[in-house]
Amino acid sequence: MATEEITKVQELIYTTRVESVMARNVVVLDPATPMAEVRELMRSKRISGAPVVVDGNRIVGIVSLTDIMEAMEKGRLNSPVSENMTCKVKTVSKDAAVTEAINSMGRQGHARLPVVDQEGRLAGIVTTGTIIRALLHEMDISFQKKEAEKLQTYRASHIFQDIVSDDTSLILRFVVDDKDFDSAGKASSMIKKSLLRLGVAPAIVRRVAVATYEAEMNLVIHTDVGGEIIVDIRKNRLKISAVDHGPGIADIQQVLQPGFSTAPEWIRDMGFGAGMGLANIKRCSDLMELLSEPGGGTRLDILFLFSDNALV
């Protein structure tokens, strides 16, 4: 089965958290502020919108340039923000992947998304501009790290040459706790770093990073008792196993349908659980197998095959 090539930008979009690309110094509005003042504020700050908050950081609305223009047309510039703001605000969790923010902005045409923490409090704001600047910065840092780690990569990449056996393998194991969104993504990040140190070709590492991140997030979202990710690295292939020690899945075929999700509403509100994780994993891997039965836990095996020159 032909697998899709993953670019560096795509990898970063899937594996970088919104918290890393958001602007933290957010211009906020008070509900009682006249719209005329908001117009001048946006003009002086050169912004096109701002969230409306009460009690310091609880979002109750948002005002955009469209709201300003409507207030001008209706002669309502002296009326308060509370009477002109958009009350239904689309937000994104600071722990969500950047791809969730991009999808939300693309599907619904939002120019900006307020970023919230797990309690729903304002933590920042994300726009197309903040995403582009942050990703360019990450790519620059990645290049600098790559140059600095060349010697370490050379040493580690010879492990399969220096150790002689009939079948040499390297096993990595990572524990994943249920609903631990603060730590979500750390296992996939460490796996990515380990593979680069071993000299695995960057194109393969990018595919592994995206698939592993999706598998890790599935564990965080769906497991009730925790799970683990096991990485089996060999000279000609790599297998990722995501093991959920929970109650198991009753209908595997239904779960495999793109867009199907059993994530609760509060997790969906955070930007997770869209039901595309397994589809993305299948797209990135050479083989994917989901094994589960009620009461017996769940195991997701993801296979990546190496060519003779995959270890550089």
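Here is a short report on the structure shown in this document. The residue numbering used here restarts from 1 in each chain and proceeds along that chain's sequence as written. Given that this is a predicted model, residues contribute local features only at a pLDDT of at least 70 and side-chain atom pairs are listed and counted only at 80 or more, while totals for whole chains, interfaces and linings are drawn from all residues. Excluding hydrogens and water, the side-chain figures rest on all heavy atoms present in the structure.

### Concerning unusual backbone geometry
Okay, step 1: Its identity is not glycine, yet R46 carries a phi of approximately 55°, on the positive side.
Okay, step 2: By definition, any uninterrupted DSSP run of H or I lasting at least four residues is a helix, any uninterrupted run of E lasting at least two residues is a strand, and each is numbered from the N terminus. By the element assignment, R46 lies in the loop between helix 2 (35-45) and strand 1 (49-54).
Okay, step 3: Throughout this description, buried means an accessible area under 20% of the type-specific maximum (1.4 Å probe, protein chains only), exposed means over 50%, and partly exposed covers the range between. R46 sits in the exposed class, given a relative accessible area of 79%.
Okay, step 4: Despite not being glycine, K179 has its phi angle at roughly 60°, a positive value.
Okay, step 5: Checked against the element boundaries, K179 lands in the loop between strand 6 (169-176) and helix 8 (186-197).
Okay, step 6: Under the relative-accessibility criterion, K179 is labelled partly exposed at 26%.

### Topic: the packing of helix 2 against helix 3 (residues 65-73)
Okay, step 1: Fitted lines through C-alpha atoms serve as axes, helices being fitted only where they are in contact, and the angles separating the N-to-C directions of these axes extend from 0 to 180 degrees. One can describe the packing of helix 2 onto helix 3 by two numbers: an axis separation of 10 Å at closest approach and a directional angle of 135°. As the angle between them shows, helix 2 and helix 3 are arranged oblique. The way helix 2 lies across helix 3 gives a crossing that is left-handed. Where helix 2 abuts helix 3, its residues M35, V38, R39 and M42 lie against L65, D67, I68, A71 and M72. An angle counts as roughly parallel when it lies under 35 degrees, as roughly antiparallel when it exceeds 145, as roughly perpendicular when it falls between 65 and 115, and as oblique in every other case. Two helices that cross are described as forming a left-handed crossing if the nearer one is turned anticlockwise from the farther one by less than a right angle, and a right-handed crossing if clockwise. Should any heavy atoms of two residues lie within 4.5 Å, those residues are considered in contact.

### A short note on the pairing of strand 8 (residues 237-244)
Okay, step 1: When you tally the buried positions in strand 8, you get seven out of eight residues, the bulk of the element.
Okay, step 2: For two strands to be treated as a pair, DSSP must find at least two bridges joining them. Summarising the sheet, strand 7 (residues 227-234) and strand 8 pair through seven bridges and their orientation is antiparallel. Among the inter-strand pairings, E228 is bridged to a residue of strand 8, identified as V243.
Okay, step 3: Hairpin geometry of strand 7 and strand 8 is characterised by an intervening segment of two residues between the two adjacent antiparallel strands.
Okay, step 4: Bridge count for strand 8 against strand 10 (residues 298-305) is eight bridges, and the pairing is antiparallel. Bridge assignment links D244 to a residue of strand 10, and that residue is T298.

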